[in-house]
Amino acid sequence: MAERKVAGNDVLMYIDPAGGTSYKLVVCLTQNSFGIENAIIDAKSKCGPDNLPGAQTVTVDFAGQVILSPDTGRVGVYNLLDLAQDKTTIGWKISEATPATGDVVISGTGFIASVKVDFNDESPSAFTASLGIYGSPTIAETV
C-alpha cells in the first residue's frame, strides 16, 4: 500500500452517550486531538544518567460550532452539556467517517471532563470540550 497523508478535516469525533460502541458523530467540529504523555522518572544513580517511564496521561480535546437540534444520530452541544452535568460514562472514537485500510482508529470510554460554550459577538457560537479517559484507549490500524 502506498503511503498517503491524512487530511485533518477527514478525522472526526464520535460519542456513544450510552457508554458503548453505538457512536454518534459530534456535529460541526472545528478541531479534535488525541495525545499520550508519559511522565519521566529520574532514575539516575552512581551508574550514570537514566530515566524510566512514569504515569501516563491521555488527552482527548475537541471544539466546534454550536448546532441546536442536531439531526438524529448526531451529538450537539446540549448533549455534551447534559452528559457533563450528569457525569455520564460515554464511549468515544476518533476516526475517519469510513476508515480505509491503514487508517488509525482510536477509541475508549470516559466522561466529559469539561465543556465551555462561547457566545462571542460577530462570530459563530462555539464550544470547546475535553474528555476524562478511563483506562487505556484502543489504538488500531484498519486492515
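See the structure shown above.
Everything numeric in this text was worked out from a predicted model, so none of it was measured. (Residues numbered from 1 in each chain as written. Predicted model: local features only at pLDDT ≥ 70, side-chain atom pairs only at ≥ 80, totals over all residues. Heavy atoms only, no water.)

Novice: Could you clarify how one ought to interpret the nonpolar core in this entry?
Specialist: Nonpolar side chains in soluble globular proteins generally cluster together in the buried interior. Met13, Ile15, Phe62, Trp92 and Leu131 are the most contacted members of the largest nonpolar core, which totals 20 residues. Here this core takes 4 residues from strand 8 (residues 126-141), the largest share from any one element. (Core = buried A, V, L, I, M, F, W, Y, C linked by side-chain atoms within 4.5 Å. Buried < 20%, exposed > 50% of the residue type's maximum accessible area, 1.4 Å probe, protein only. Helix = DSSP H or I, 4+ residues; strand = E, 2+ residues; numbered from the N terminus.)

Novice: Where do I start with the pairing of strand 8 in this structure?
Specialist: Side-chain direction in a regular strand flips from residue to residue, so the side chains alternate between the two faces of the sheet. Bridge count for strand 4 (residues 51-65) against strand 8 is 6 bridges, and the pairing is antiparallel. Paired with phenylalanine 62 across the bridge in strand 8 is alanine 129. Where strand 7 (residues 104-118) and strand 8 come together, 13 bridges link them in antiparallel fashion. From the neighbouring strand, valine 104 faces strand 8, where its bridge partner is glutamate 141. (Pairing = 2+ DSSP bridges.)

Novice: Which parts of the structure should I look at to understand the packing of aromatic side chains?
Specialist: Geometrically, a pair of aromatic rings is defined through the distance of the ring centres and the angle of the planes. As enumerated under the stated definition, the model contains 3 aromatic pairs in all. Note on phenylalanine 34 and tryptophan 92: the rings are 6.3 Å apart at their centroids and 35 degrees apart in plane angle, and the pair reads as tilted. Separated by 58 residues along the polypeptide, phenylalanine 34 in strand 3 (residues 29-42) and tryptophan 92 in strand 6 (residues 90-96) bring together distant segments of the chain. Residue classification places phenylalanine 34 among the partly exposed residues on the basis of a relative accessible area of 25%. Measuring from centroid to centroid gives 5.5 Å for phenylalanine 111 and tyrosine 134, while their planes differ by 45 degrees, and the two rings are tilted. Remark: tyrosine 134 occurs in strand 8 and phenylalanine 111 occurs in strand 7; sequence separation between them is 23 residues. The class for phenylalanine 111 is partly exposed, based on a relative accessible area of 29%. A relative accessible area of 38% means that tyrosine 134 is categorised as partly exposed. The ring of tyrosine 14 carries lysine 93 above its face, with NZ or CZ at 4.9 Å from the centroid. (Phe/Tyr/Trp six-rings, centres within 6.5 Å; stacked < 30°, edge-to-face > 60°. Lys NZ or Arg CZ within 6 Å of the ring centre and 35° of its normal.)

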